[in-house]
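Coordinate analysis (summary)
So the chains spell out like this:
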Amino acid sequence: MPTVNPLQFAPYQAARQFASLHHLSRGRLGLNVVTDVGSSRHFGLDPVPHDFAYDRAEEWLGGIRELWHSWGEGALLEDRQSKIFADGSRLDALRHRGEHWAFDGPLNALPFDTSAGQLGDPVVVSPGSSPRGLAFTGRNSDVQLALSPLDVPSVRAYRARVASAAQAVGQADPPLVLFVFKPIVTSSADEADRIVAASASPSEAKLREVALGWSSDLDTDLTELDLDTPVDPAIFGDHVSRGTLNALLDGAESFTSVTLRELLAPKARLKRIRPGETGPDGGGQVGTAEEIADFIELLGEETGNDGLIFAGDLHPVTVHRTLDELVPELRRRGVLRREFGGGGLRANLTDF
């Protein structure tokens, strides 16, 4: 599933390339549409306000879909006897002149054949928890990638916000919500306890490491700031996601009421997964494979959660413990499938 920014490709080019990939992969293409405006500098453009970037992305994605569907029903003939490839009267010579993009159709790529098991357009995925980001998801996306505390109240509240955003724009079926989960699999409960205890008082180096990660998300360098001084909110441009800023605050009254150290320290501290705990004090990430599997099952049962996106570092220990211990445990319980079914990505997202 490639991550794409509308600035990378004009709609016609994007529609053609993604249509080709969708055909070649037999319906397994998904697009993660990210409206990161910080990357605009790579294309010689100035950053734009946060909501403006979503407006631009919405026109871009709508244009791509116009092109994908510029072949009407029955347009593709492929009649070898008459040597007629397509019925031109059923092609839409659309002419798009929008605020951000201009292009003409039809698309010179084959239409998506649902009878071949491709099940329609590529799956569209988007992040973004701001009101504008959720509105974009509700109107355009099949899946919302969610960053949220993984306790029952938080997951329920987030899912309700996504459903409400979809309903507000006339979508009867809300998109799937997949929450990002970064588990740390340990070989024993004692090891899990030691890891959590060691994170309680993060070092200066660890805080700088956390600051670096948040600098990327905020498109604002936090690494050079004084840890023991409040952050001046003026350093964040209009293009920075409000949702990301609220996540950094995480309940703090304002940026001027706490120091940067006080903002970052909770992000460096790890929480222990406790069997049977998914309430406001639950939602940890450190535990044995069995404890993590218990937590995933319980979270799904109590929230109706659609699924999780596993993330984290690629340290060999992390990879091997996840693949060798957690994956078999999840498969044994029937939480994780053993193989993909037919019908492409769209069908596999909804048939489990």
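Details of the structure are given in the entry above.
Overview of the structure. (Residues numbered from 1 in each chain as written. Predicted model: local features only at pLDDT ≥ 70, side-chain atom pairs only at ≥ 80, totals over all residues. Heavy atoms only, no water.)

Once that is clear, we can look at the overall build of the protein. Broken down by element type, the protein carries eleven helices and twelve strands. Based on the C-alpha atoms only, the size of the protein along its principal axes is roughly 75 × 50 × 35 Å. Counting over 352 residues, the protein shows a buried share of 42%. If you take every contact in the protein between residues at least 6 apart in sequence, the share linking residues at least 24 apart comes to 65%. When the accessible area of the protein is evaluated, it comes to approximately 18400 Å², of which 51% is carbon and sulfur surface. Distance from the positive charge centre (34 side chains) to the negative charge centre (50 side chains) of the protein: 4 Å. (Helix = DSSP H or I, 4+ residues; strand = E, 2+ residues; numbered from the N terminus. Buried < 20%, exposed > 50% of the residue type's maximum accessible area, 1.4 Å probe, protein only. Contact = heavy atoms within 4.5 Å. Areas by Shrake-Rupley, 256 points an atom, 1.4 Å probe, with all protein chains shown as cover. Lys, Arg positive; Asp, Glu negative; His and termini not counted. Charge placed at Lys NZ, Arg CZ, Asp CG, Glu CD.)

Another aspect to go through is the sheet that holds strand β2 (residues 30-33). An order of β1-β2-β7-β8-β9-β12 is seen for the six strands of this open sheet, with the pairing classed as parallel. Only two strands of the sheet have a single neighbouring strand rather than two, namely β1 (3-4) and β12 (307-310). As paired elements, β2 and strand β7 (residues 123-126) share three bridges and run parallel to each other. Note on β7: the bridge partner recorded for glycine 30 is valine 123. Against the sheet, helix α4 (residues 152-168) engages β8 (143-146) and β9 (176-181), with an angle of about 140° to β9. (Pairing = 2+ DSSP bridges. Axes fitted to C-alpha atoms, helices over the stretch in contact; angles between N-to-C directions.)

This part takes up the packing of aromatic side chains. Scanning all chains against the criterion turns up eight aromatic pairs. Ring centres 6.4 Å apart and planes at 90° place the aromatic pair tryptophan 71 and phenylalanine 85 in the edge-to-face group. Of this pair, tryptophan 71 sits in the loop between α2 (50-68) and β3 (76-79) while phenylalanine 85 sits in strand β4 (residues 84-86), placing them 14 residues apart in sequence. Measuring from ring centre to ring centre gives 5.2 Å for phenylalanine 236 and phenylalanine 255, while their planes differ by 40°; the resulting arrangement is tilted. Pair noted here: phenylalanine 236 is in the loop between α6 (204-218) and α7 (242-249) and phenylalanine 255 is in the loop between α7 and α8 (260-268), with a separation of 19 residues, a long-range link. Each member of the pair, phenylalanine 236 together with phenylalanine 255, is buried. Every member of this aromatic cluster is reached through a ring pair, and the members are Phe181, Phe295 and Phe310. The ring of tyrosine 158 carries arginine 161 above its face, with NZ or CZ at 5.5 Å from the centroid. (Phe/Tyr/Trp six-rings, centres within 6.5 Å; stacked < 30°, edge-to-face > 60°. Lys NZ or Arg CZ within 6 Å of the ring centre and 35° of its normal.)

Extensive coverage of helix α3 (residues 131-140) is indicated by the burial of seven of its ten residues. Every buried residue of α3 is listed here: Arg132, Gly133, Leu134, Phe136, Thr137, Gly138 and Asn140. The inward-facing, buried residues of α3 abut β2, α2, β7, β8 and α4.

What follows covers the environment of arginine 194. Residue placement: arginine 194 occurs in helix α5 (residues 189-198). The spacing of arginine 194 and alanine 211 is 17 residues in sequence and 24 Å in space, taken between C-alpha atoms.

Glancing now at the pattern of salt bridges. Two side chains of opposite charge can pair, provided their charged atoms sit close to one another. For the structure on display, the rule yields 17 salt bridges. Close ionic contact of aspartate 294 with arginine 333 constitutes a salt bridge, the shortest N to O distance being 2.6 Å. Here aspartate 294, found in helix α9 (residues 289-303), pairs with arginine 333, found in helix α10 (residues 316-333); they are 39 residues apart in sequence, far enough to count as distant. On the basis of relative accessible area, aspartate 294 is assigned to the partly exposed category, the value being 31%. (Salt bridge = Lys/Arg side-chain N within 4 Å of Asp/Glu carboxyl O.)

Let us look at the packing of α6 against α7. Where α6 meets α7, the closest approach of the two axes is 10 Å, and the angle between their N-to-C directions is 155°. Viewed along their axes, α6 and α7 adopt a mutual orientation that is roughly antiparallel. From α6, Trp214, Asp217 and Leu218 reach across to α7, where they touch Thr244, Leu245, Ala247 and Leu248. Per-class residue counts for the contact of α6 with α7 are five nonpolar, one polar and one charged. (Parallel < 35°, antiparallel > 145°, perpendicular 65-115°, else oblique. Nonpolar A, V, L, I, M, F, W, Y, C, P; charged D, E, K, R; others polar.)

The subject of this paragraph is the pairing of β8. The pairing of β7 with β8 spans two bridges and is parallel. Considered in β8, the bridge of serine 126 is made with glutamine 144. As a crossover connection, the stretch from β7 through α3 into β8 is right-handed. Pairing of β8 with β9 involves four bridges; the strand directions are parallel. Within β9, the position partnered with alanine 146 by the bridge is phenylalanine 179. As a crossover connection, the stretch from β8 through α4 into β9 is right-handed. (Right-handed = clockwise from strand over helix to strand, strands pointing away.)

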